[in-house]
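Here is what each chain is made of, one letter per residue.
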Amino acid sequence: MSASCRADKRSVVAPLVAADVIWVDVLKVLAAQFIVWHHFVLYGPMAQAAHEATPTLAAWLAEYGLLAVQVFLVVGGYLTAQSLQRALPAAGTSAWPKVGGLVWRRWQRLMKPFALAMVLTVLAAWLARSWMSDADTPAAPSLLQDWLEVPALSVGVWYVAIDLQLYISLVLWAALAQSWAAWARGGLLLVAVAASLWVWNLDSDWDMAPWYFWASYGLGALVQRAAGLNRAWQRALVAGLLAVVVVLALDLAWRSRVALAAAVALSLWWAAQSRPLRLPLTLKAGLSALAAQSYALFLLHYAASLVVSAVATRWEWVDAQSAWWLMALTWALSMLAAAWMTRVLAQPMVWPWQVAPQPVAQGR
């Protein structure tokens, strides 16, 4: 066999991929789908028709679909801790000079798709207000929306704000504890998770504050740091401490969201210590693409729902028989829109003042 043939054969062999990378993609894809269908059965005329058609399924999605947010929170904490390990300097060097750049890049990553999604949602809401009358349709945007107690422009806007606040808090923790011993850094993180689980997460009045969600986000961060410890007894000690913290939290008050967050954290712990897997290239590429589109899907599915609801209401297509077909159409449009947005916004944001001036060609 020639060298070129052997090279061609090697090029089609699926490479080994870390198990936690694959599992994170799977979790993101599944959680995004649950959130989308949860919102489909909550808002608009199609949701009402779906509850008439299949009340048990619609009620289950309405009640439990929101738990998928916990998956995003745990995975978010895990990935942020992982990225900070690579981005921050080694112990003994101050990390504070990097804090501003890290937060700015995170803001860019969140705000580019968010801004475009809000423009599309405003246009979709205008169409919906023109063609149907529904209490769930957002009102026209106003700078005084919070003061006038007008509903938000889109579902899930709160999560984008919380995600940025949680990221900033973890960056500040990493910068503050950069020069500390490893056990002290981990101890501070564990205290923050315990305080959230035992105090703030018990009170729903805090559910718009980042420390309420540290229960889940911090679990993901702790698992990522602990899974990378060199000694087995160290990993076992951290696992035992986390188990005690979670069990005591559930003993104080059973919360399905906390139980799910702990289960997701445990699955990430397992994946991080498992052997790399070999997936077919097409499967790995498809899974990675869907995972990368999950944020765009989260932002755009409500606009798609408004458009389909408006058109279906205008032509009187909404009833119990067509509800799930219409929602399936909405899902397909959402997936296409998410793929489009992810591709369009793949390039980094460049502001006008960041563009280097081009040299002027000199004539002869």
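Computed from a predicted model, the values in this text were never measured in an experiment.

**Topic: the overall build of the protein**
And step 1. Broken down by element type, the protein carries 14 helices and two strands.
And step 2. Counted over contacts in the protein with a minimum sequence separation of 6, partners at least 24 positions apart contribute 81%.
And step 3. Per element, the accessible surface of the protein, about 19,800 Å² overall, is 67% carbon and sulfur.

**Notes on the side chain of Lys 284**
And step 1. Relative to the helices and strands, Lys 284 is located in helix H12 (residues 281–292).
And step 2. Take Lys 284: its relative accessible area is 19%, and that puts it in the buried class.
And step 3. Leave out the neighbours within four places in its chain, and Lys 284 touches Val 17, Asp 25 and Leu 279.

**Examining the nonpolar core**
And step 1. By size, the foremost hydrophobic cluster in this structure holds 85 residues, and its most contacted members are Leu 84, Leu 170, Leu 197 and Leu 268.
And step 2. At eleven residues, helix H7 (residues 157–176) tops the list of elements feeding residues into this core.
And step 3. The residues contacting Leu 84, other than those within four sequence positions of it, are Leu 102, Tyr 167, Leu 170, Val 171, Ala 174 and Arg 225.
And step 4. Of all hydrophobic cores here, the second largest spans nine residues; its members include Ala 124, Leu 127, Met 132 and Tyr 302.

**Side note on the pattern of salt bridges**
Side chains that carry opposite charge are capable of pairing whenever their charged atoms lie near each other.
And step 1. According to the stated counting rule, one finds two salt bridges in the structure shown.
And step 2. Where Asp 25 meets Lys 284, a salt bridge forms, and the shortest distance between an N and an O atom there is 4.0 Å. In this pair, Asp 25 is assigned in helix H2 (residues 19–40) and Lys 284 in helix H12, connecting sequence segments 259 residues apart.
And step 3. In this structure, Asp 163 engages Arg 106 in a salt bridge whose closest nitrogen and oxygen atoms are separated by 2.7 Å. Residue Asp 163 is found in helix H7, and its partner Arg 106 is found in helix H6 (residues 96–131); the two are separated by 57 residues along the sequence. Accessibility classification places Asp 163 together with Arg 106 in one group, the buried group.

**Comments concerning H7**
Think of an α-helix as turning once every 3.6 residues; residues three or four places apart then point the same way.
And step 1. Between its first and last C-alpha, H7 extends 29 Å over 20 residues, near the 28 Å set by a 1.5 Å rise per residue.
And step 2. Buried within H7 we find Tyr 159, Val 160, Ile 162, Asp 163, Leu 164, Leu 166, Tyr 167, Leu 170, Val 171, Trp 173, Ala 174 and Ala 175.
And step 3. If you follow the buried residues of H7, they end up packed against helix H5 (68–87), H6, helix H8 (182–198), helix H9 (210–227) and helix H13 (294–314).

How each quantity is defined
- Residues numbered from 1 in each chain as written.
- Predicted model: local features only at pLDDT ≥ 70, side-chain atom pairs only at ≥ 80, totals over all residues.
- Heavy atoms only, no water.
- Helix = DSSP H or I, 4+ residues; strand = E, 2+ residues; numbered from the N terminus.
- Contact = heavy atoms within 4.5 Å.
- Areas by Shrake-Rupley, 256 points an atom, 1.4 Å probe, with all protein chains shown as cover.
- Buried < 20%, exposed > 50% of the residue type's maximum accessible area, 1.4 Å probe, protein only.
- Core = buried A, V, L, I, M, F, W, Y, C linked by side-chain atoms within 4.5 Å.
- Salt bridge = Lys/Arg side-chain N within 4 Å of Asp/Glu carboxyl O.
- Expected span 1.5 Å × (residues − 1).

The values reported here are purely geometric and, on their own, carry no functional implication.
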